[in-house]
Amino acid sequence: MEHVLKELINKCDLAIKKEDFDTLMNYYTDDAVLVVKPGMIARGKVEIKKAFIAIAEYFNNSIVPTQGEMTILEAGDTALVISQTLLAADKNDSEYSMDRRATYVFKKNSNGEWLCAIDNSYGTDLINK
């Protein structure tokens, strides 16, 4: 059986592809953190939404994220997701890898819904920067 977080991440990827950032924000905690790029963090839904708009523009509004292999470690109301995140886009000259080993942290809210608290598509590559 597929873990509910795999489906949630697929919904997030689809929202990014469609540039439906209002829907995307529904999947984040109010105090979430997004690693925009090494050395740049967006905090909270307002900053994260602005960051996703800028990321879309950087990739000529053509970014399509998908997930490859995924491992989910769950403890109570917290889950760590380690995933092969693949990015496709019309922009061929990005200085950032399009094949990443992402780490995401999800928390369950009081309604039992999973929300992303930490979105780090760069994974452990952050310690190399």
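Here the structure is shown first, and the text comes after it.
All residue numbers refer to position in the chain's written sequence, counted from 1. Selection of residues for local features in this predicted model requires a pLDDT of at least 70, selection of side-chain atom pairs for listing and counting requires 80 or more, and totals for whole chains, interfaces and linings are taken over all residues. The side-chain figures draw on all heavy atoms in the structure; neither hydrogens nor water molecules are used.

Looking now at the sheet that holds strand E6 (residues 114–120). The strands that make up a sheet are held in pairs by hydrogen bonds between backbone atoms, and each pair lies either parallel or antiparallel. Pairing between strands requires that DSSP locate at least two bridges from one strand to the other. Each helix is a run of H or I in the DSSP string that is no shorter than four residues. Each strand is a run of E no shorter than two, and both are numbered from the N terminus. Here six strands make up an open sheet; going across it, the order is E2-E1-E6-E5-E4-E3 and the pairing mixed. A single partner strand is all that each edge strand has here, and the edge strands are strand E2 (40–43) and strand E3 (64–75). Direction aside, neighbouring strands of the sheet carry axes that sit 25° apart on average. Of the strand pairs in this sheet, strand E4 (residues 78–88) and strand E5 (residues 99–108) are connected by nine bridges, and their pairing is antiparallel. Residue pairing for E5: Ile82 is matched across the bridge by Thr103. Note on definitions: angles span 0 to 180 degrees between N-to-C directions of axes, and those axes are lines fitted to C-alpha atoms, for helices only across the stretch in contact.

Here we come to the pattern of salt bridges. One speaks of a salt bridge when a side-chain nitrogen belonging to Lys or Arg is within 4 Å of a carboxyl oxygen belonging to Asp or Glu. In this structure the tally under the stated criterion is three salt bridges. Note that Asp22 and Lys49 form a salt bridge whose closest N and O atoms lie 2.4 Å from each other. Here the residue Asp22 occupies a position in helix H2 (residues 21–25), and Lys49 occupies one in helix H3 (residues 44–58), the gap between them amounting to 27 residues. Remark: exposure states derive from per-residue accessible area (1.4 Å probe, protein chains only) relative to the maximum for the residue type, with buried under 20%, exposed over 50%, and partly exposed in between. A relative accessible area of 52% places Asp22 in the exposed class.

Moving on, we get to the side chain of Arg100. Relative to the helices and strands, Arg100 resides in strand E5. Neither His nor the chain termini are counted; the positive set is Lys and Arg, and the negative set is Asp and Glu. As a buried residue without a salt bridge, Arg100 has its nearest oppositely charged side chain in Asp125, at a separation of 7.1 Å. Between N or O atoms, a polar contact is any pair within 3.5 Å; within protein, one atom must be a potential hydrogen donor and the other a potential acceptor, and residues adjacent in sequence are included only when both atoms are from side chains. A polar atom in the side chain of Arg100 sits 3.4 Å from the side chain of Tyr122. Residue contacts are defined here by distance: any two heavy atoms, one from each residue, within 4.5 Å place the two residues in contact. Discounting chain neighbours no more than four positions away, the residues touching Arg100 are Ser83, Gln84, Thr85, Leu87, Ser121 and Tyr122.

Our next topic: the packing of aromatic side chains. Classification of ring pairs uses Phe, Tyr and Trp, with its six-membered ring standing for Trp, and accepts pairs whose centres are within 6.5 Å; under 30 degrees between planes counts as stacked, over 60 as edge-to-face, and the remaining range as tilted. Enumeration according to the criterion identifies three aromatic pairs in this entry. Ring geometry for Tyr28 versus Phe52: centroids 6.3 Å apart, planes at 55°, classification tilted. Of the two residues, Tyr28 sits in strand E1 (residues 28–37) while Phe52 sits in helix H3, which places them 24 residues apart along the sequence. Each member of the pair, Tyr28 together with Phe52, is buried.

On their own, these measurements won't tell you what the molecule is for.
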